[in-house]
Structures are given as structure tokens and as C-alpha cells.
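Analysis of the macromolecular model
Take a look at the letters that make up each chain.
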Amino acid sequence: MSDKKIPYKIYLAESEMPETWYNLRADMVHKPAPLLHPVTHQAMTAQELSAVFCDELVRQELDNDTREYPIPQEIRDFYKMYRPSPLVRAYCLEKKLQTPAKIYYKFEGNNTSGSHKLNSAIAQAYYAKQQGLVGVTTETGAGQWGTALSMACAYFGLDCRVFMVKVSYEQKPFRREVMRTYGASVTPSPSESTRVGRSILAAHPGTTGSLGCAISEAVETAAAHPGYRYVLGSVLNQVLLHQSVIGLEAKAAMDKYGIKPDVIIGCAGGGSNLGGLIAPFMGEKLRGEADYRFLAVEPASCPSLTRGVFAYDFADTGMVCPLAKMYTLGSDFIPAPNHAGGLRYHGMSPILSQLYDDGYLEAVTVPQTRVFEAAEQFARVEGILPAPESSHAICAAMDEALRCRETGEEKTILFGLTGTGYFDLVAYQKFHDGEMTDYVPSDEELAASFAKLPKVE
Ligand SMILES: *Cc1c(COP(=O)(O)O)cnc(C)c1O
């Protein structure tokens, strides 16, 4: 099909929205390793997990075999308020870069949470409501997940308690107000309100917090309150399942115009947007039906795939959560307070970790100032103010497009534009004022953290 016929924005009709989520694990030869009990190191049973998570979500978490999950009608109805999300042909960026590459991005920033996280938040809140729970607890780093969950809980009438990493709580007061608007309570983490928070504060006075620490506090709070469960916005298998809606829509939109991406790029924090975007394409690759390159982009300050080890580790700092086998920097790793807030988690989704270890997925890191340079260039030609997290993918996509300019290759690049950056303007300000630093952890720092990994036989 001639290039000229491809519109700037490819929208699917509501009736073309996916009716099922796709469970990539069904097509993986090496399944992600099971979650282990933090004390006994035995595989977690459904019963044990259901003390922490909702029953249906436990089922999804443990199910490596069912390929498709019907999306419940109530969730589909909610999705329709902001989905299908557009697939955009970045004609203006291509022109600016003078590249023969064809660049597409799937834009997930068109909802109040400003990110893709609402796709899983609404599903998790729905199953909590179905189970008759009173409310849920969670952590949030940059604030997008907390906002998404607050919106989802408000919709279903659930109580929502959010532990927000202290550095973000202080840097992003307006995020907090959005969450409170949706009825959530927001506590800066580490806090005095949990046992684990108090012990972390005692060990690291003045700490600005970390996701791993906020997770421990949220899990402890859920366990202490009847009718509450804990929910997590990334990393888990269930979250990647819900996020497959991104990739399914992207693929449906591309198929409409006979477009096949050569390389698919996403930023990787805990792996949920990337896992969701690549899911149906990776499925084709695993089944031997098509070939694609997949690229995870990490911040140089928190490089779990590129510099981490593939091992069982605690999902949280307080060591109350199950152990997950993943690429990790060690649960003790507290990243420098940089601004790629949503990419600060020490580990990576067990699904993506396994695919990376099996050689199906590549990974690169980019330093923060390059990310903001890319963000600014993108904003000036494509009109969207991107989230810093998303801008990692923009940066790698632009690098790829510039290589095509050198070689003359007309590659088709697809990347995930996960959200908008309106709450990240302090970071943009630091960039503009030349005050942004490129922190990269030393090998010694990482080695010290690896030394504390749990010993699992
Ligand atoms: C949370 C977040 C990410 C990173 O999380 P993943 O689980 O790796 O997708 C990326 N972009 C935005 C806008 C986010 O809010």
C-alpha cells in the first residue's frame, strides 16, 4: 500500500477494540519462574497469594496456559471512555530528522492519569469490587499509578490508600491533589504508620524513599485491614496481561493498513507498557509466524536488564512480598533521586526477564539529559509534551531513525508513547536551567546490592 494513504492518526472504531486480553505466557517455551514464599522459598500457592491479592487476579497471575482472557463488559465500557488510543504516524518527526524510516507511536497519554496505567488499574479495581472488598492499598512512584488507581477506585466505589515515594510526594504536590480529588488517601513513604516504614526510617534516616519500600508499606497495610487487598501497577504477570490491550490495538491498527514494524521500542521500568505493547508481536515471533526486533530502554541510573543479574529477589525493600525471579539490581538498591520517576524500580517483569534471558528482547540504557533533549525535540514537532519515562523510548526511536538516515534503510519503527509530562515540569525546568545530572551507579554500588540477594537453591 502506498505510504500516502496512511493517515497521521489511525483510530480503531469502538467495535474494533479487543474483546480479550492476550496472555503471552501461553506461547513462551520457558515460562516465567514461579513466585516463591519469602521465608520457605517454596512456590507460592494460590491460597497464600490470595491473602495479598484478589482471587481472580491470583488466578491470572498463576495461569501460564490460557491464551486469551475475555475482557469483562464493565471494563470494556470504562475503556471506551479513553480507548481505543490513537496510533500516530510521526510524519513531522520523520521530516525533522530527515530519515527514510517510518515512525509510529501508540499514544497512551489521553486520560487523566496521563499514562497507560489506567488499563490495569480499572481491571484490578473491578476484580476487587467483584470480590466484595472494601478497598485496596498500593504504592506509587511518580504518581501515575496512584492516580490511575484512584480513578478506578472512584468509579467502582472502593477505598484507595496510596503510599507515595517521598521524593515524588514532595516534588509533585499536584499529583497528590489529583489523587485526593478522586477520593484516595495519600501517605509519603517511608512513613511512621507501618512497622516496615519505621524500621526503614531508622536504618536510613532522611531517605527519599523508593518503590520497593512503598510496596512493603502498602502490603503491610492491606494485611492489617480486613476487606483490603494490595494491588501493584507493574511487574506482575497479571498487569502485563491487562496491558496487552495496547499491543492488540496497535497491531489491529497496523494490520488495517498492511504495516509491519521492523523494530518495536518501549521504555522499561517494571515492564508493563513494553510487555503490553510487544505482546501480540512477540507471540507471533515465539510461534515462528513473523520476526521483529524488540528493544527495552532503561534509564542509565536504574539499569536492571542491562546491568542487573537474573536471580530470585525480593519484590520490595521490607522483604514481605514473594520472591520473583527477575533481572534485578537488588531490592536494597535505592536509585538516586532522578526524575524518571516511573522507571525507578529495582527489578523487571519476570516475563520480560525470561524473554531477555532467552535472547528475544534487546535492551539499552540512555542517560537522563539525552532523554530530555529527545523529549524537547519531540514536543516541538509532534505537539505532545511527553512524560520523561516515555521519552526514553522516544530517544531510542530517534537514534534508530538517525541510523536509518546513515544507511538509507526504510525501517518501520513502532514505539510506545506511554504518557504526558505535565506533572514533570520541575524536571523539565532543571533540564532547561542546566541543572540536570546524569547519575550512573558504580559497579561497586551494584556489587554491594547484589551481595544482599536472597540465597535460593
Ligand atoms: C509507570 C510508567 C512507565 C513505566 O512503567 P512500566 O511498567 O515499565 O511500563 C512508563 N511510562 C509512564 C508514563 C509511566 O507512568
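One can find the structure itself at the top, above this paragraph.
Remember, predicted model here, so these are calculated numbers, not experimental data.

Turning our attention to the overall build of the chain. A tally of regular secondary structure across the chain gives 18 helices and 15 strands. A globule of 457 residues ought to have a C-alpha radius of gyration of about 23 Å, and the chain, at 20 Å, matches this closely. For the C-alpha atoms alone, the extent of the chain along its principal axes is close to 60 × 50 × 45 Å. Here the chain holds 457 residues, and the buried ones make up 63% of them. A separation of at least 24 residues holds for 76% of the contacts in the chain among residues at least 6 apart in sequence.

Now for the nonpolar core. With 76 residues, the main nonpolar core has Trp21, Ile75, Tyr79 and Leu414 as its most contacted residues. Here the element with the most residues in this core is helix H5 (residues 118-130); it accounts for 8 residues. Excluding its chain neighbours within four sequence positions, the residues that come into contact with Leu414 are Leu87, Tyr104, Tyr105, Lys106, Ala250, Met254, Pro261, Val263, Ile264, Ile265, Leu277 and Phe281. In terms of nonpolar packing, the next biggest core, distinct from the first, is built from 35 residues, Leu93, Ile103, Leu385 and Cys404 among them.

This paragraph deals with the pairing of strand S13 (residues 323-328). Of all 6 residues that make up S13, 5 are buried, and the element is covered over most of its length. Direction of pairing for strand S12 (residues 309-314) relative to S13: antiparallel, over a ladder of 6 bridges. Residue Phe314 lies in a different strand from S13, and its bridge partner there is Leu323.

Direction vectors running N to C along H5 and helix H11 (residues 237-256) enclose 125°, while the axes themselves pass 8 Å from each other. When the interaxial angle is binned, H5 and H11 end up oblique. Between H5 and H11 lies a crossing of right-handed hand. Contacts between H5 and H11 pair Asn119, Ser120, Ala123, Gln124 and Tyr127 from the former with Gln238, Val239, His242, Gln243, Val245 and Ile246 from the latter. The residue inventory of the contact of H5 with H11, partitioned by class, reads 5 nonpolar, 6 polar and no charged.

Let us now look at the sheet that holds strand S14 (residues 362-366). Pairing is mixed in the open sheet, where 7 strands are placed in the order S1-S4-S5-S15-S10-S11-S14. Each edge of the open sheet carries a strand with a single partner, namely strand S1 (9-10) and S14. Examined bridge by bridge, strand S10 (residues 263-267) and strand S11 (residues 293-299) share 5 bridges and lie parallel to one another. Note that in S11 the partner of Ile265 across the bridge is Leu295. Each of S1, strand S4 (87-89), strand S5 (102-107) and strand S15 (412-417) is contacted by H11, which is oriented at about 140° to S5, the strand it contacts most. Its contacts with the sheet put helix H15 (residues 368-382) on S4, S5, S14 and S15, and the angle it makes with S14 is roughly 95°.

Now for the sheet that holds strand S6 (residues 135-140). Strand order in the open sheet formed by 4 strands is S8-S7-S6-S9, with parallel pairing between adjacent strands. Looking at the sheet topology across the chains shown, the edges are occupied by strand S8 (185-189) and strand S9 (228-230). Shown here is a sheet whose adjacent strand axes are inclined to one another by a mean of 25°, direction ignored. Here S6 pairs with strand S7 (residues 159-165) via 6 bridges, running parallel.

What follows covers the site of the ligand. As a matter of local geometry, the ligand sits amid 19 residues, with Lys117, Ser234, Ser272, Asn273 and Thr418 nearest to it. Gln144 is positioned such that a nitrogen or oxygen atom in its side chain is 3.3 Å from an oxygen atom of the ligand. The separation between an oxygen atom of the ligand and a polar side-chain atom of Ser272 is 2.7 Å. Sorting the residues of the shell around the ligand by element identifies helix H12 (272-286) and helix H16 (388-407) as the ones contributing at least two each. Counted by class, the shell around the ligand contains 4 nonpolar, 13 polar and 2 charged residues. Taken domain by domain, the shell around the ligand gets at least three of its residues from each of domain 1 (8-19 + 71-114 + 242-450) and domain 2 (23-69 + 116-230).

Our focus in this paragraph is the environment of Ile103. One can find Ile103 in strand S5. Exposure remark for Ile103: the relative accessible area of 0% places this residue in the buried category. When the C-alpha positions of Ile103 and Glu56 are compared, they lie 38 Å apart, and in sequence the two are 47 residues distant. What Ile103 contacts, discounting residues up to four positions off in sequence, is Val88, Arg89, Ala90, Leu93, Glu94, Leu97, Ala401, Ile413 and Phe415.

The rules behind these values
Within any chain, residue numbers begin from 1 and follow the written order of that chain's sequence. In keeping with the predicted nature of the model, local features appear solely for residues at pLDDT of at least 70, side-chain atom pairs appear and are counted solely at 80 or more, and the whole-chain, interface and lining totals rest on all residues. For the side-chain quantities, the full set of heavy atoms in the structure was used; hydrogens and water were omitted. Helix and strand definitions follow DSSP, with helices as H or I runs of at least four residues and strands as E runs of at least two, each counted in order from the N terminus. Here the globule rule reads 2.2 Å times residues to the power 0.38, and the radius of gyration is calculated from C-alpha atoms. Think of it in three bands: with a 1.4 Å probe and only protein chains considered, a residue is buried below 20% of the maximum accessible area for its type, exposed above 50%, and partly exposed in between. Residue contacts are counted whenever heavy atoms from the two residues lie within 4.5 Å of one another. The nonpolar core is taken to be a set of buried Ala, Val, Leu, Ile, Met, Phe, Trp, Tyr and Cys residues, with the residues joined through side-chain atoms within 4.5 Å. When DSSP finds two or more bridges between two strands, those strands count as paired. Structural elements are reduced to axes, namely lines fitted to C-alpha atoms, with helices fitted over the stretch in contact, and the angle between N-to-C directions of any two is expressed from 0 to 180 degrees. Angular relationships are summarised with four words: roughly parallel below 35 degrees, roughly antiparallel beyond 145, roughly perpendicular across 65 to 115, and oblique for the angles in between. The crossing is said to be left-handed when, going from far helix to near helix, the turn is anticlockwise and less than a right angle, and right-handed when the turn is clockwise. The residue classification treats Ala, Val, Leu, Ile, Met, Phe, Trp, Tyr, Cys and Pro as nonpolar and Asp, Glu, Lys and Arg as charged. All others, Gly included, are polar. Any residue with a heavy atom positioned within 4 Å of a molecule or strand is treated as near that molecule or strand. Each polar contact in these results corresponds to two N or O atoms within 3.5 Å; when the atoms are within protein, one needs to be able to donate a hydrogen and the other to accept it, and residues that are neighboring in sequence are counted only if both atoms are side-chain atoms. Bear in mind that the domain bounds are from an automatic or database domain assignment.

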